[in-house]
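Close look at the chain arrangement
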Amino acid sequence: MILEILNHTYQYEAEKLLRVFFPNEKIHVVFEKTENPEGAVLTTEITDTHALAVFHDGKTAQKSEALLSGSDDKELLLATQMYKVLTTVTGYTPKWGLLTGIRPSKLLIALQEEMGKENAARYFTERFFVSPEKTALAESVAARENAIIATSKPNSCSLYVSIPFCPTRCSYCSFVSHAISSPSVKKLIPDYVALLSQEIAETGKMAKELGLNLESVYFGGGTPTTLNAEELGALLSAVDKAFDLTTVREYTVEAGRPDTITQEKLDTLYQGGVTRISINPQTFNDRVLENIGRKHTAAMTEEAFHMARDAGFRNINMDLIAGLPGDTTDSFAASVDKAISFTPENITVHTLSLKRSSNMGTSGTHFDRLQGRAADEMLHYAYKALTKQAYFPYYMYRQARTLGNLENTGYTKDGFECLYNIFMMEECHTVFAVGAGAVTKLKAPHGKEIERIFNYKYPYEYISGFSELQKRKAAIMEFYKKYGI
């Protein structure tokens, strides 16, 4: 498909919106009229007086244009014309309308501050064409996010610890994670843990010098519990020595894969100060688990959950994914009901995203609009079932190339919101990130400026380039010097 960009600078936005309607098409962007094109063409153009979108594929032709006035938002006006043309051509009306951004609730919060809650909701539905259902979801999330954002102070910070190892690689995964089934990967772990402990120590020293209070800690990956109990204990001890943990309100470790969970590891985490863990079934359908390359069963998830309760954990999250290969609406609904039956404090419902670097992405898997509609039905069921059982949506984000352009939503029992998820997503304060693939986000103490420091992506790069990484992290102190700290 050809996307013509004429007389405007909104290529990125136009391409993202076009992909919502044609997720599998290869989009070729040009900046002039195409002579005798083969296949479909979407022309987007802004003149002094008009915003124009024209679709033509040799059989179908649709045109939408609007007059420009001096006060018009040209980007929004062009997106509106594209949306009108594409919904007509495809017969598909995406639930998030013409919004393609990662954090719709953040946009809604900004609109609420500008025009009030009622007018912001109306703007979402009338100007962005967001469905009433998704607008209500964004409102619910925004209310809970606002309450937590307000608790973050200028001298607050969080810590993210990256453990980029897994037992095996799931078919949908694109994270920087390595399967320890490979001997060459497994032998990296001792050096990785030692250097990661050193980076934690150096980061804690800087946080102390800057007078920052640690509010949340999050071990992610990968699957942190791929490490053995001794290795986990070493990292927990490194955090304890490097930081003052008396200000920590939440300490999360993603146990994630049930096939990595043992009683010894759970006891190590609990005794090490961890207050929240994730045990992620993704689905309770064993056939679907096999389809995605998971080496555990639904029964193993149940066993791991009860072990965690017995170990003392009273804040547990469970992840589910809508749209997995071989899953159906009924099967997904059964997984939601099963997760609810355990009464975890959090249930996070993701929508399958087709990442280019995942096994699914490289094998030529495609999404279609029927799959998107099925995923939407799954999310609709989850929302109804979870809210009925007093789980409330509290954070939300979206990813590229997701079924139906849909969302990932965290649901929580009242008072169990994951603070780190909101602090990180809404960029409330500095998040120090350590380990391979980690990205530190430095937040101006009394402003909105964000500066990022990227660690080396892969474990072997992290190990070999650790000295250079230490020099790179000197930018943390330089950033705060600009603000007199």
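Everything in this summary refers to the structure shown in the same document.

Another aspect to go through is unusual backbone geometry. Cis geometry marks the peptide bond from Gly-221 to Gly-222, where omega comes out at 15°. Tracing the backbone through its elements, the reader meets Gly-222 in the loop between strand S9 (213-221) and helix H8 (229-242). Here Asn-405, not a glycine, exhibits a phi torsion of approximately 55°, which is positive. Relative to the helices and strands, Asn-405 resides in the loop between strand S14 (392-397) and strand S15 (408-412). Unlike most non-glycine residues, Glu-427 shows phi in positive territory, near 55°. Along the polypeptide, Glu-427 turns up in the loop between helix H15 (419-425) and strand S16 (430-434).

Attention now moves to the layout of surface pockets. A volume near 470 Å³ is recorded for the second largest pocket. Counting residues per element, the ones that place at least two in the lining of the second largest pocket are helix H3 (104-115) and helix H5 (132-149). With four residues, H3 is the single largest residue contributor to the lining of the second largest pocket.

Residues Leu-159, Leu-196, Ile-200, Phe-219, Ile-277 and Phe-313 are the most contacted members of the largest nonpolar core, which totals 84 residues. It is helix H7 (residues 189-209) that provides the largest number of residues to this core, a total of eight residues. Other than its neighbours up to four places away in sequence, Ile-277 contacts Val-253, Leu-266, Leu-269, Ala-308, Phe-313, Asn-315, Ile-316 and Asn-317. Counting residues in hydrophobic clusters, the runner-up holds 37 residues, among them Ile-5, Phe-22, Leu-86 and Trp-96.

Turning next to the sheet that holds strand S5 (residues 61-67). Overall, mixed pairing links the five strands, which are arranged S2-S1-S3-S4-S5 in an open sheet. In the strand order of this sheet, the two ends are held by strand S2 (28-30) and S5, each with one partner. On average, each strand axis in the sheet is inclined to that of its neighbour by 10°, with strand direction left out of account. As defined by bridge partners, strand S3 (residues 41-46) adjoins strand S4 (residues 50-56) across six bridges and the pair is classed as antiparallel. In the sheet register, Thr-44 faces S4, and the bridge partner there is Ala-53. Each of strand S1 (2-6), S2 and S3 touches helix H1 (residues 11-21); the most contacted strand, S1, lies at about 150° to it.

It is worth spelling out the pairing of strand S12 (residues 316-322) at this point. With seven of its seven residues buried, S12 lies for the most part within the structure. Side chains Ile-316, Met-318, Leu-320 and Ala-322 of S12 all project onto a buried face; the interleaved residues Asn-317, Asp-319 and Ile-321 project onto the opposite face, where all are buried too. The pairing of strand S11 (residues 276-279) with S12 spans two bridges and is classified as parallel. By the bridge assignment, Ile-277 is partnered in S12 with Ile-316. Sheet topology places S12 next to strand S13 (residues 346-351); six bridges connect them, and they run parallel. Opposite Ala-322, over in S13, you have Thr-351 as the bridge partner.

Now for the pattern of salt bridges. Oppositely charged side chains can form a pair if their charged atoms are brought close together. For the structure shown, the criterion picks out 20 salt bridges. Taking the shortest distance from any N to any O, the salt bridge between Glu-427 and Arg-452 comes out at 2.9 Å. Of this pair, Glu-427 sits in the loop between H15 and S16 while Arg-452 sits in strand S18 (residues 450-454), placing them 25 residues apart in sequence. What makes Glu-427 buried here is its relative accessible area of 14%.

Across all of its chains, the model carries one cavity of 30 Å³ or more by this definition. Looking at the largest cavity, the residues that line it are Glu-133, Lys-134, Leu-137, Val-349, Leu-379, His-380, Tyr-383, Glu-407, Thr-409 and Tyr-411. Every element with two or more residues in the lining of the largest cavity is listed here: H5, helix H14 (369-388) and S15. Split by residue class, the lining of the largest cavity holds five nonpolar, two polar and three charged.

Let's shift gears to the side chain of Thr-260. Here Thr-260 shows up in the loop between strand S10 (250-256) and helix H9 (263-271). Among the residues examined, Thr-260 registers a relative accessible area of 5% and is labelled buried. Looking at Thr-260, its side chain comes within polar contact range of the side chain of Thr-225, at 2.7 Å. In this structure the side chain of Thr-260 is engaged in a polar contact, spanning 3.4 Å, whose partner is the backbone oxygen of Ala-255.

What follows concerns the packing of H1 against helix H2 (residues 74-90). It is at 10 Å that the axes of H1 and H2 come closest, and there the two elements cross at 20°. Relative to H2, H1 is oriented roughly parallel. In this structure, the crossing between H1 and H2 has a hand that is right-handed. Taken together, the residues of H2 that come into contact with H1 (itself represented by Glu-13, Ala-14, Leu-17, Leu-18 and Phe-21) are Glu-75, Ala-79, Met-82, Tyr-83, Leu-86, Thr-87 and Thr-90. Tallied by class, the residues present in the contact of H1 with H2 amount to eight nonpolar, two polar and two charged.

Next up on the list: the packing of H7 against H8. Remark: H7 packs on H8, axes separated minimally by 8 Å, with the N-to-C direction vectors making an angle of 15°. Looking at the two axes, H7 sits roughly parallel to H8. As H7 packs across H8, the resulting crossing turns out to be right-handed. Across the interface between the two elements, Ile-189, Val-193, Leu-196, Ser-197, Ile-200, Ala-201, Gly-204 and Lys-205 of H7 pack against Glu-231, Ala-234, Leu-235, Ala-238, Val-239 and Ala-242 of H8. When the residues that make up the contact of H7 with H8 are grouped by side-chain class, the tally is 10 nonpolar, two polar and two charged.

In this section: H2. Taking 1.5 Å of rise per residue, 17 residues should cover 24 Å, and H2 covers 24 Å from first to last C-alpha, within 8% of that figure. In terms of burial, H2 is largely enclosed, as 12 of its 17 residues are buried. Of the positions making up H2, those classed as buried are Leu-76, Leu-77, Leu-78, Ala-79, Thr-80, Gln-81, Met-82, Tyr-83, Val-85, Leu-86, Thr-87 and Thr-90. N-capping of H2 is provided by Asp-73, with a side-chain oxygen placed 3.1 Å from the backbone N of Glu-75. Gly-91 sits one or two residues past H2 and shows a positive phi near 75°.

Conventions we followed
Residues numbered from 1 in each chain as written. Predicted model: local features only at pLDDT ≥ 70, side-chain atom pairs only at ≥ 80, totals over all residues. Heavy atoms only, no water. Helix = DSSP H or I, 4+ residues; strand = E, 2+ residues; numbered from the N terminus. 1 Å grid on protein atoms, 1.4 Å probe; cavity = no way out; pocket = protein on both sides within 12 Å on 5 of 7 lines; lining within 4 Å. Points joined across faces, edges and corners; volume = space filled by probe spheres on them. Core = buried A, V, L, I, M, F, W, Y, C linked by side-chain atoms within 4.5 Å. Buried < 20%, exposed > 50% of the residue type's maximum accessible area, 1.4 Å probe, protein only. Contact = heavy atoms within 4.5 Å. Pairing = 2+ DSSP bridges. Axes fitted to C-alpha atoms, helices over the stretch in contact; angles between N-to-C directions. Salt bridge = Lys/Arg side-chain N within 4 Å of Asp/Glu carboxyl O. Nonpolar A, V, L, I, M, F, W, Y, C, P; charged D, E, K, R; others polar. Polar contact = N/O pair within 3.5 Å; in protein donor to acceptor, adjacent residues only side chain to side chain. Parallel < 35°, antiparallel > 145°, perpendicular 65-115°, else oblique. Left-handed = near helix turned anticlockwise from the far one by under 90°. Expected span 1.5 Å × (residues − 1).

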